[in-house]
Amino acid sequence: MKSEHAKPKICVRKARSSDSEAVFKFCEKTWSWGDYIPKVWDRWLKEKNGRVFVATINCVPVGISHLSIDKPHEVWLSAARTDPKYRRIGVATAITKKCLEYAKRKGAKVARLVTESDNTAARAALQKLGFKPTAEFVEMATEDVSKEKSKNSQRVEENETEAIWDYLKNSETYRKAAGLYTVLYHWFSLEKQDLERFVERRKTIAHKNEMGDMDGLTMIDDATAQEWRENTMQTCYIDGDYDAVFDMIKFLKSRCYALGVKKIHGFTCNHKPITTALEKLGFEPPDSTEIVYERKI
Ligand SMILES: CC(C)(COP(=O)(O)OP(=O)(O)OC[C@H]1O[C@@H](n2cnc3c(N)ncnc32)[C@H](O)[C@@H]1OP(=O)(O)O)[C@@H](O)C(=O)NCCC(=O)NCCS
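About the thresholds
- Residues numbered from 1 in each chain as written.
- Predicted model: local features only at pLDDT ≥ 70, side-chain atom pairs only at ≥ 80, totals over all residues.
- Helix = DSSP H or I, 4+ residues; strand = E, 2+ residues; numbered from the N terminus.
- Buried ≥ 20, exposed ≤ 12 C-beta atoms within 10 Å, placed from the backbone.
- Contact = placed C-beta atoms within 7 Å.
- Pairing = 2+ DSSP bridges.
- Axes fitted to C-alpha atoms, helices over the stretch in contact; angles between N-to-C directions.
- Near = placed C-beta within 6 Å.
- Nonpolar A, V, L, I, M, F, W, Y, C, P; charged D, E, K, R; others polar.
- Domains from an automatic or database assignment.

1. Brief notes about the overall build of the protein chain
Phase 1 of the analysis: The helix and strand inventory of the protein chain stands at ten helices and 14 strands.
Phase 2 of the analysis: When each of the 297 residues of the protein chain is scored for burial, the buried share is 39%.
Phase 3 of the analysis: Across the protein chain, every contact between residues at least 6 apart in sequence was considered, and the portion connecting residues at least 24 apart equals 72%.

2. Regarding the sheet that holds strand β2 (residues 50-57)
Phase 1 of the analysis: The sheet built from twelve strands is open, its strands ordered β1-β2-β3-β4-β5-β14-β6-β13-β12-β11-β10-β7 with mixed pairing. Because the sheet does not close on itself, it has two edges, and the strands there are β1 (11-14) and β7 (153-155). Averaged over all adjacent pairs, the angle separating strand axes in this sheet is 25°, with direction ignored.
Phase 2 of the analysis: In this structure, strand β6 (residues 132-142) lies alongside strand β13 (residues 263-269), joined through six bridges in antiparallel fashion. Of the residues in β13, the one forming a bridge with Met-140 is Gly-266.
Phase 3 of the analysis: Across the sheet, helix α9 (residues 242-259) lies against β7, β10 (204-208), β11 (214-221), β12 (232-240) and β13, angled at about 35° from β11, the strand it touches most.

3. Some thoughts on the site of the ligand
Phase 1 of the analysis: Inspection of the region around the ligand gives 21 residues, with Arg-87, Ala-92, Thr-93, Ala-121 and Ala-125 positioned closest.
Phase 2 of the analysis: Counting only elements with at least two residues in the shell around the ligand, the list comes to β4 (74-82), α3 (91-105) and α4 (120-128).
Phase 3 of the analysis: Sorting elements by how many residues they give to the shell around the ligand places α4 first, with six residues.
Phase 4 of the analysis: A class-by-class count of the residues in the shell around the ligand yields eight nonpolar, eight polar and five charged.

4. Some words on the domain arrangement of the protein chain
Phase 1 of the analysis: Looking at the assigned domains, one finds that the protein chain contains domain 1 (11-108) and domain 2 (138-296).
Phase 2 of the analysis: With centres defined by C-alpha atoms, the gap from domain 1 to domain 2 works out at 31 Å.

5. A closer look at unusual backbone geometry
Phase 1 of the analysis: In the Ramachandran plot, Arg-202 falls in the positive-phi region, its phi being about 60° despite a non-glycine side chain.
Phase 2 of the analysis: Among the structural elements, Arg-202 can be located in the loop between α7 (192-200) and β10.
Phase 3 of the analysis: Even without being glycine, Arg-229 reaches a positive phi, approximately 50°.
Phase 4 of the analysis: Its place among the elements puts Arg-229 in the loop between α8 (223-228) and β12.
Phase 5 of the analysis: The class for Arg-229 is exposed, based on 8 C-beta atoms found within 10 Å.

Printed below as a string of structure tokens:
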């Protein structure tokens, strides 16, 4: 509820490990299942390319936000939390402004973050702060990891990177995805060097048409396995028409089957030909979508 009283003074500073008790307390019921902040707190406080900011009122922590400067020009904001007792008085706004100032000083030119399509509070706060929705993604998961027969999909070889990059530059999906890929719930710009890294690490699948031209790409990662301690794999980026995606995901399923992976988290831009192919292959559609917001700084 919006406070009728005079707004208290909000200070924003770098987080300290001694803030943990107060922060964990007000994060206890962020979501119905709790919050992940206690799991990442110690690691975030030590990050070289990241920072946690804390807002205080009368020296008591009442809100946090985290940022990481992924590439010199881009900053990713996450974990905006305001103590339920202090909402609607400008806490998140004050912390976000501090994050943007800090990132700008570090040379970042663009700030991004993600929120669920049904998070009305966050979306309203972001709009007020001048962020614009730039792309919509979904996470579709399946535990049906079976052996499937694919036809024209294979792992990308290093000498094919240039052809894939040419394909991406003209791709409608790449435009629709605002040129972004994701690892866990963190979106990054997909530049040529990112593609090269995925290819080198054997984490890319391409589809070729009858003429032998590239017409689809899937990038994968096992970050979900490491971070969530599951035997899973995720897609980081999917591109192609229905048939290309259908074939690449069958290839991925077989590869995961051979590796004993139990679940695939299918992260993709919310583009109908792709989500339809995933659904056809047993991926469950989510209740809400992920909206990536962006603001120049
Ligand atoms: C989203 C959240 C961080 C906002 O924090 P906050 O400190 O209350 O936000 P602010 O006071 O800075 O709000 C700024 C503006 O956002 C909008 N806003 C914030 N909460 C709103 C709500 N519940 N309904 C509608 N608009 C809202 C308003 O326009 C508000 O300005 P106003 O109060 O002058 O009208 C807070 O609700 C929260 O912690 N939610 C749970 C965690 C979460 O969803 N985090 C975001 C993940 S992306």
